[in-house]
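Each chain, written out:
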Number of protein chains: 2
Amino acid sequence: MKGVRLIEIKEEILSDNKSMAGELRKKMQERRTYLLNLMSSPGSGKTTLILKTIEKLRDEFRMGVIEGDIAAMVDSEKIAAQGISAVQLRTGGFCHLDVAMVKKGLEAMDLDKLDFLIIENVGNLVCPAEFDTGATRNAMILSVPEGDDKPLKYPLMFTICDVLLVNKIDYLDYENFDMDAVRERVLNLNPKIRIMEVSCKTGQGIDTWITWLKDEICAFIGR
Amino acid sequence: MKGVRLIEIKEEILSDNKSMAGELRKKMQERRTYLLNLMSSPGSGKTTLILKTIEKLRDEFRMGVIEGDIAAMVDSEKIAAQGISAVQLRTGGFCHLDVAMVKKGLEAMDLDKLDFLIIENVGNLVCPAEFDTGATRNAMILSVPEGDDKPLKYPLMFTICDVLLVNKIDYLDYENFDMDAVRERVLNLNPKIRIMEVSCKTGQGIDTWITWLKDEICAFIGR
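The following refers to the structure shown. Not measured: the values here are computed from a predicted model.

## With respect to the overall build of chain A
Then comes step 1: Scanning chain A from N- to C-terminus turns up 9 helices and 8 strands.
Then comes step 2: At 18 Å, chain A has a C-alpha radius of gyration in line with the 17 Å of a compact globule built from 223 residues.
Then comes step 3: The principal-axis extent of the C-alpha atoms belonging to chain A is close to 70 × 45 × 35 Å.
Then comes step 4: Residues counted as buried form 53% of the 223 residues belonging to chain A.
Then comes step 5: Taken as two groups, the 30 positive and 35 negative side-chain charges of chain A have centres that lie 4 Å from each other.

What follows is the structure, encoded as structure tokens:
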């Protein structure tokens, strides 16, 4: 009797994706285009944060946005309405972006004219965390109405991000959300993560985000 | 205002997969290894049909099996217990096989020692139909207890297959299953498909399948 050879497909695909992501990261470093991968649940405020970031940084950097979405084009149209280069990746049911998809988005843009690109990933706290997009940095949003238990339920997402924006802090008075518990849970998973409390609606805390991002991009593009 | 460039990711992925499948099909033709992609819902009798096929053809051809499964290894162990080369692709949640996954399975086998390989796809009537595996032929099973409406509900699967095995015909007395309606619905979608009525349990109709398959393989490998 011969044995069965077992191949773990998901691990192989993740490993192929990881090596492609490493290559893309290197290429983007050489050409000095900063890529930010922004993730969150649906409705946490990714598009609103991007619009705020465009408003604050459009005069300092040449910006572009790659929008990942299962079906709609609403978000990318809002961004294009600001006069910013936008590519919409319609995933047709896929619940995350991988590096091959991001590359298709990059190929559709004129990278020589861009210092800084935001990738708005598909709204989902699970699969996008598993697929490295090749971005320079990973950022995520957790909004107050989603609850303070999310780091316990979706640890990988909090583990792989460089920045966590806790958004909708204007809801803190109405929600039973323990910010100290969130900080402790997240730092337990990922001691190096930067945690920022913001409200895209009121503007509170946005300057901290913008300062961090501006310093990041300037260091990266060598300005 | 700049426009939004739209990229249909699913179409791009399917198109990349299709061109890779064409290359694999050509390569397998050159080396004369016949690949059969077997698809159906879960529990329709894929593994039982493979075991019957091994029993009938193991003395005539050097056979191997690539098993696609979300998590379990039960099916591949049954096949290895027959002394047949088996590779298990554990998809880790993916609901179909694509050509990149099949290639990983082929790389784990000694193709110089094989005339004929069966790919047991993931049990699912939807996604496997969208992804060409690079197989020489596509076969599917519809079992009587699943009902005669399946060609109406999953037309693509019936459209892309070369053979339909209607399995578990020993259930025909107990089920309200209209075989004529199935034939008409399927031939409407795909006039060239071969339809065979079988029962893997009683052995009824299996010889028709074996004769068809044997002729196919002999023509392909030039025997």
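## Re the sheet that holds strand 5 (residues 116-120) of chain B
Then comes step 1: Pairing in this open sheet of 8 strands is parallel, and the strands run 1(A)-4(B)-3(B)-5(B)-2(B)-6(B)-7(B)-8(B) from one edge to the other. Sheet topology places strand 1 (4-8) of chain A together with strand 8 (194-197) of chain B at the edges, where each strand pairs with a single neighbour. Each adjacent strand pair in this sheet contributes to an overall mean axis angle of 20°, direction not counted.
Then comes step 2: With respect to the sheet, helix 8 (residues 179-189) of chain B is in contact with strand 6 (137-143), strand 7 (163-167) and strand 8 of chain B, its orientation differing from that of strand 8 of chain B by roughly 160°.

## Brief notes about helix 8 (residues 179-189) of chain A
All names here are of chain A.
Then comes step 1: Listed in full, the buried residues belonging to helix 8 are Met179, Ala181, Val182 and Val186. In an axial view of helix 8, the angular spread of the buried residues amounts to 155°, which keeps them on one side of the axis. Facing away from the buried side of helix 8 by more than 90 degrees, the exposed set consists of Asp180, Glu184 and Asn188.
Then comes step 2: Against the buried residues of helix 8 lie strand 6 (137-143), helix 6 (150-153), helix 7 (155-160), strand 7 (163-167) and strand 8 (194-197).

## Overview of helix 4 (residues 99-107) of chain B
Then comes step 1: Restricting attention to buried positions, one finds in helix 4 of chain B the residues Val99(B), Met101(B), Val102(B), Lys104(B), Gly105(B) and Leu106(B).
Then comes step 2: A side-chain oxygen of the first residue of helix 4 of chain B lies 3.2 Å from the backbone nitrogen of Ala100(B); this N-cap is Asp98(B).

## Observations concerning the relation of the copies chain B and chain A
Then comes step 1: Of the transformation superimposing chain B on chain A, the axial component is 0.0 Å and the angular component is 180°, with the fit at an RMSD of 0.1 Å. What we have between these two chains is a two-fold relation. Of every C-alpha in chain B, the one belonging to Phe94(B) sits nearest the axis of rotation, 5.5 Å from it.
Then comes step 2: The share of interface residues of chain B whose copies in chain A are also at the interface is 100%, consistent with both copies meeting through the same surface.

## Focus: the environment of Asp178(B)
Then comes step 1: When you line up the elements, Asp178(B) lands in the loop between strand 7 and helix 8.
Then comes step 2: A polar contact of 3.0 Å, which involves the side chain of Asp178(B), links it to the backbone nitrogen of Ala181(B).

## Regarding the sheet that holds strand 7 of chain A
Then comes step 1: One open sheet accounts for 8 strands, arranged 8(A)-7(A)-6(A)-2(A)-5(A)-3(A)-4(A)-1(B); its pairing is parallel. Both outer strands of the open sheet, strand 8 of chain A together with strand 1 (4-8) of chain B, are each paired with one neighbouring strand and no more. Taking each pair of neighbouring strands and ignoring which way they run, the sheet shows an average axis angle of 20°.
Then comes step 2: Here strand 4 (residues 85-90) of chain A runs beside strand 1 of chain B; their pairing, made up of 5 bridges, is parallel. Among the inter-strand pairings, Gln88(A) is bridged to a residue of strand 1 of chain B, identified as Leu6(B).
Then comes step 3: Its contacts with the sheet place helix 2 (residues 46-57) of chain A against strand 2 (34-40), strand 3 (63-69), strand 5 (116-120), strand 6 and strand 7 of chain A, and it is angled at close to 170° to strand 5 of chain A.
Then comes step 4: Running over the sheet, helix 9 (residues 206-221) of chain A touches strand 2, strand 5, strand 6, strand 7 and strand 8 of chain A and is turned about 145° from strand 2 of chain A.

## Some words on the state of the cysteines
Residues and elements named next belong to chain A.
Then comes step 1: Considering all chains together, one arrives at 0 disulfides over all chains under this definition.
Then comes step 2: Cys127 takes part in no disulfide bond, and the closest cysteine sulfur to it belongs to Cys95, at a distance of 3.2 Å.
Then comes step 3: Residue Cys127 is classed as buried on the basis of its relative accessible area of 18%.

## Quick notes on the interface of chain B and chain A
Then comes step 1: Tallying the contact residues gives 33 residues for chain B and 34 residues for chain A.
Then comes step 2: Here chain B packs against chain A, burying approximately 3000 Å² in sum over the two surfaces, 65% of which is carbon and sulfur.
Then comes step 3: Its largest share of buried area at the contact with chain A, chain B owes to Val4(B), Ile9(B) and Lys104(B), together 20% of the area lost on that side.
Then comes step 4: Our count for the contact surface shared by chain B and chain A stands at 6 salt bridges.

## Structural notes on the packing of aromatic side chains
Then comes step 1: Scanning all chains against the criterion turns up 6 aromatic pairs over all chains.
Then comes step 2: Chaining the aromatic ring pairs together yields one cluster made of Tyr34(A), Phe116(A) and Phe220(A).

## Re the environment of Ala139(B)
All names here are of chain B.
Then comes step 1: Here Ala139 lies in strand 6.
Then comes step 2: Taking C-alpha positions, Ala139 is 8.7 Å from Ser40, a pair spaced 99 residues apart along the chain.
Then comes step 3: Not counting residues up to four positions away in its chain, the partners in contact with Ala139 are Leu36, Asn37, Leu38, Met39, Cys161, Val163 and Trp209.

## Side note on unusual backbone geometry
All names here are of chain A.
Then comes step 1: For Lys168, which is not glycine, the phi dihedral falls at a positive 65°.
Then comes step 2: By the element assignment, Lys168 lies in the loop between strand 7 and helix 8.
Then comes step 3: Judged by relative accessible area, Lys168 falls into the partly exposed class, the value being 22%.

## So, the side chain of Thr53(B)
Residue and element names in this part refer to chain B.
Then comes step 1: Position of Thr53 among the secondary structure elements: in helix 2 (residues 46-57).
Then comes step 2: When its relative accessible area of 1% is taken as the criterion, Thr53 is described as buried.
Then comes step 3: At 2.7 Å, the side chain of Thr53 and the backbone oxygen of Leu49 are in polar contact.

## Some words on the pairing of strand 5 of chain A
Residues and elements named next belong to chain A.
Then comes step 1: Where burial is concerned, most of strand 5 is hidden: 5 out of the 5 residues are buried.
Then comes step 2: Burial along strand 5 is two-sided: the face carrying Phe116, Ile118 and Glu120 and the face carrying Leu117 and Ile119 are both buried.
Then comes step 3: Bridging between strand 2 and strand 5 involves 5 bridges; their strand directions are parallel. Counterpart to Asn37 in the pairing with strand 5 is Ile119.
Then comes step 4: In the sheet, strand 3 pairs with strand 5 via 5 bridges, with the strands oriented parallel.

The rules behind these values
- Residues numbered from 1 in each chain as written.
- Chains lettered and ligands numbered in written order.
- Predicted model: local features only at pLDDT ≥ 70, side-chain atom pairs only at ≥ 80, totals over all residues.
- Heavy atoms only, no water.
- Helix = DSSP H or I, 4+ residues; strand = E, 2+ residues; numbered from the N terminus.
- Rg over C-alpha atoms; globule rule 2.2 N^0.38 Å.
- Buried < 20%, exposed > 50% of the residue type's maximum accessible area, 1.4 Å probe, protein only.
- Lys, Arg positive; Asp, Glu negative; His and termini not counted.
- Charge placed at Lys NZ, Arg CZ, Asp CG, Glu CD.
- Pairing = 2+ DSSP bridges.
- Axes fitted to C-alpha atoms, helices over the stretch in contact; angles between N-to-C directions.
- Contact = heavy atoms within 4.5 Å.
- Arc of directions from axis to C-beta.
- Polar contact = N/O pair within 3.5 Å; in protein donor to acceptor, adjacent residues only side chain to side chain.
- Least-squares fit on C-alpha atoms with pLDDT ≥ 70 in both.
- Disulfide = S-S within 2.5 Å.
- Buried area = accessible area lost by both parts, 1.4 Å probe.
- Salt bridge = Lys/Arg side-chain N within 4 Å of Asp/Glu carboxyl O.
- Phe/Tyr/Trp six-rings, centres within 6.5 Å; stacked < 30°, edge-to-face > 60°.

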